Amino acid sequence: MFALPKMPPTATIFSTYASLAASIMLVRSLTTDLVPDPIRSYIQSALVYFFTPHSNQLTIVIDENSGISRNQVYDAAEIYLRNKVSPSTERFKVGKTSRQKNLNVTIEKNEEVVDEFQNFQLKWKFVVIEPNNMYNEKHFFELVFHKKYKEKVLNEYLPFVLSKSKEIRDNDRVVKLYTRDCPYDDDDGGSGVWGSIHLEHPSTFETLAMDSEMKMAIIDDLERFVKRKEFYKKVGKAWKRGYLLYGPPGTGKSSLIAAMANYLKFDIYDLELTSLYSNSELRRILVSTTNRSIIVIEDIDCSVEMQDRELGNDVPNTKLTLSGLLNFIDGLWSSCGDERIIIFTTNHKDRLDPALLRPGRMDMHIHMSYCTIQGFKLLASNYLGINDQHRLFGEIENLIENVEVTPAEVAEELMKSEDTDAALGGVVTFLKHKQIKANEMKEKNGGCELQEGSEGKRLRNNNAEKKLEETVEKEGLEKNLN
């Protein structure tokens, strides 16, 4: 039998402990007196490092924004992870619009998605921090993986995510309409300062009731623009294009914008300047837009203070001014983003500040005119399916040549009946009614002219100026396109 070791007396244990404690206190006192603070701090840090267990995991945080611009890696991850939702994911969102090819799957906040790349595993987590103000939500992804794969993740995996997301986006591309009035997004429930819906506008260049030569000129200009990245870089200009659409209400300005977006597959950002209060807010909003997009500012003559240049240095920084807008169009801020189109619309071009019309700001001035014979035929084809002549076409064409009627007005009449004869008969009646009113106005104006008064001369001069302006516009457009 083995004998158990004999335990020392209790008094001996306490004596040993007291001696050890006294020794530790002596060493500590000597260390404090003899060892300098920097060295003592280093020793303490080293002891903490060696006796603290360390994780072999590394976490990359991918914020929604990179500075004041959108983070392309975040946008790519958002798209890429739609196809990575697995059975282990406990919560995710599903949606689909009529124009989407497939179900749109997105992960919920604080959910995790596991991915595998070249035989190692990575874990994604979508994080949302919700302050009291929903417009200031902070969105970011956390990507966790083993430390030894750091270089492979940075140099191979993330570029793969960027490439794969572009492929997914191109295969299931749906044009979006962004606005600040809607804080929610069709795809992910929120998109920072912009909310969006899918653009359901069916307008295309094929269905647009517009002069065919003008349509081809616009299409050629758009094609040339998207293919000239290296040219813009070579000449030192921001890769952007500006359009001014002007003309009476109902002449198709909004339809043209939708046709351009559908043709290029560019998203639309509808910017309401009256909702902004300062130039700094304008810059923050505009730089948050994405590349390959169309920024639309409608009714520019009514949207921004046009007299700020006359105030000189007295304009406060907290005010939204024309100068602030122009600085984003062609100043230093214009280079914050690539492949962007800026469109201004107005019903009254003559009310615009000349600074907006200077070359280099609005590259193409497009006059949206009243309905033409060619435009009417296209509308009749779109609404009634008429591709050949109809017995009422001649009368309608004669009336259109002598009456100012918008494509929207003609379209409204064509929609009133599915019966071809009834619909075209309604167009004839409508045009005749407009012609009677126009003749009455002409007689009134003619009376003024017979009196050779100043008003009659003014009317004649206005007509002459209008014709001259249209001629100059046409020549200027041809020059720009050539």
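Residues numbered from 1 in each chain as written. Predicted model: local features only at pLDDT ≥ 70, side-chain atom pairs only at ≥ 80, totals over all residues. Heavy atoms only, no water.

## Considerations on the overall build of the chain
Next, step 1: Of the regular secondary structure elements, the chain holds 14 helices and 15 strands.
Next, step 2: Counting all 482 residues of the chain, 38% fall into the buried class.
Next, step 3: Considering only contacts in the chain between residues 6 or more positions apart, those separated by 24 or more positions represent 67%.
Next, step 4: Accessible area of the chain: about 28800 Å², with a carbon and sulfur share of 53%. (Helix = DSSP H or I, 4+ residues; strand = E, 2+ residues; numbered from the N terminus. Buried < 20%, exposed > 50% of the residue type's maximum accessible area, 1.4 Å probe, protein only. Contact = heavy atoms within 4.5 Å. Areas by Shrake-Rupley, 256 points an atom, 1.4 Å probe, with all protein chains shown as cover.)

## Examining the packing of aromatic side chains
Next, step 1: Here the structure, examined in full by the defined rule, presents 17 aromatic pairs.
Next, step 2: Considering the side-chain rings of Tyr178 and Tyr269, the 4.4 Å spacing of their centres and the 10° angle between planes classify their relative orientation as stacked. With Tyr178 in strand 9 (residues 176–179) and Tyr269 in strand 12 (residues 267–270), this pair connects stretches of sequence that are 91 residues apart. Here the two residues Tyr178 and Tyr269 agree in accessibility, since each one is buried.
Next, step 3: In textbook terms, an aromatic cluster arises when at least three aromatic residues are bridged by ring pairs, as seen for Tyr74, Tyr80, Phe117, Phe120, Trp124, Phe126, Phe141, Tyr149, Tyr157 and Phe160.
Next, step 4: Arg228 extends its terminal NZ or CZ atom over the ring of Phe231, reaching a point 3.9 Å from the ring centre.
Next, step 5: Directly above the aromatic system of Tyr246 lies the positively charged group of Lys349, at a separation of 4.5 Å from the ring centroid. (Phe/Tyr/Trp six-rings, centres within 6.5 Å; stacked < 30°, edge-to-face > 60°. Lys NZ or Arg CZ within 6 Å of the ring centre and 35° of its normal.)

## Some points on the pattern of salt bridges
Next, step 1: For the structure on display, the rule yields 16 salt bridges.
Next, step 2: As a salt-bridge pair, Glu112 and Lys123 come within 3.9 Å of each other at their nearest N and O atoms. Taken as a pair, Glu112 in strand 6 (residues 112–117) and Lys123 in strand 7 (residues 120–129) lie far apart in primary sequence, eleven residues in all.
Next, step 3: Judged by its relative accessible area of 38%, Glu112 falls in the partly exposed class.
Next, step 4: Residue class for Lys123 comes out partly exposed when judged on its relative accessible area of 35%.
Next, step 5: The partner of Lys434 in a salt bridge is Glu409, with the nearest N and O atoms 3.3 Å apart. Within this pair, whereas Lys434 is found in helix 13 (residues 420–450), its partner Glu409 is found in helix 12 (residues 407–414), the two being separated by 25 residues in sequence.
Next, step 6: With a relative accessible area of 25%, Glu409 lands in the partly exposed category.
Next, step 7: Salt bridges here are not isolated pairs; linked through shared partners, they connect Asp221, Arg224, Arg241 and Asp363. (Salt bridge = Lys/Arg side-chain N within 4 Å of Asp/Glu carboxyl O.)

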